[in-house]
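What follows is the residue order along each chain.
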Amino acid sequence: MLDQCELVFGRYNGGANAPIGSYFCPRTGAIFQQLVDGVLPQAGTWCPVTNSGSSTLAQCASAINAGLNRGDFTAASLHTYTVADNVPVPGQMTNDG
């Protein structure tokens, strides 16, 4: 799924500077939103799913489902980013083993 997310939405690594929007972390199911350009949290790979920093979780789920041609994401399957989503050792992204 990560590869498909990257192809459809693009990707930013945690710690990267990114534009306004709502970002999805496939590793944790977190949504991070920013209303101004800024640095993304160290939670792994972030895929921009909307251009709005104030999208609801339902809007983010709809955008993910539409982009990935799926129907299994809902507001309940996503959560707002917290520091608990951070990667314990930054630099180890989703596919690192």
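Going by the structure above, here's the rest.
Residues numbered from 1 in each chain as written. Predicted model: local features only at pLDDT ≥ 70, side-chain atom pairs only at ≥ 80, totals over all residues. Heavy atoms only, no water.

Q: Can you walk me through the nonpolar core in this structure?
A: Within soluble globular proteins, side chains that are nonpolar generally end up buried alongside one another. Of all hydrophobic cores here, the largest spans 13 residues; its most connected members are Phe24, Val49, Ile64, Phe73 and Leu78. Elements that contribute at least two residues to this core include exactly helix 1 (2-9), strand 6 (45-50) and helix 2 (57-68). Among the elements that make up this core, the one with the highest residue count is helix 2 (five residues). Residues contacting Val49, with those up to four places away along its chain left out, are Phe9, Ser22, Phe24, Cys60, Ala63 and Ile64. Core analysis: the second largest hydrophobic core is formed by nine residues, Cys25, Ala30, Phe32 and Ala43 among them. (Core = buried A, V, L, I, M, F, W, Y, C linked by side-chain atoms within 4.5 Å. Buried < 20%, exposed > 50% of the residue type's maximum accessible area, 1.4 Å probe, protein only. Helix = DSSP H or I, 4+ residues; strand = E, 2+ residues; numbered from the N terminus. Contact = heavy atoms within 4.5 Å.)

Q: I keep staring at the pairing of strand 6 and nothing clicks. Help me out?
A: On a regular strand, each side chain points to the face opposite its neighbour's, so the side chains alternate between the two faces of the sheet. Counting buried positions along strand 6 gives five out of six residues, so the element sits mostly inside the fold. Here strand 1 (residues 12-13) runs beside strand 6; their pairing, made up of two bridges, is antiparallel. Along strand 6, the bridge assignment pairs Tyr12 with Trp46. When strand 3 (residues 21-25) meets strand 6, the two strands line up antiparallel, connected through three bridges. Considered in strand 6, the bridge of Phe24 is made with Cys47. (Pairing = 2+ DSSP bridges.)

Q: Sorry if this is basic, but what is going on with the side chain of Ser55 here?
A: Tracing the sequence through the fold places Ser55 in the loop between strand 6 and helix 2. Engagement of the side chain of Ser55 in a polar contact is seen with the side chain of Thr50, the distance being 2.8 Å. When neighbours within four sequence positions are excluded, Ser55 is seen to be in contact with Ser22, Gln33, Thr50 and Cys60. (Polar contact = N/O pair within 3.5 Å; in protein donor to acceptor, adjacent residues only side chain to side chain.)

Q: Sorry if this is basic, but what is going on with the pairing of strand 3 here?
A: Across the five residues that make up strand 3, a large majority, five, are buried. Of the two faces of strand 3, the one carrying Gly21, Tyr23 and Cys25 and the one carrying Ser22 and Phe24 are both buried. Summarising the sheet, strand 3 and strand 4 (residues 30-34) pair through five bridges and their orientation is antiparallel. Considered in strand 4, the bridge of Phe24 is made with Ile31.

Don't take any of this as a statement about function, it's just geometry.
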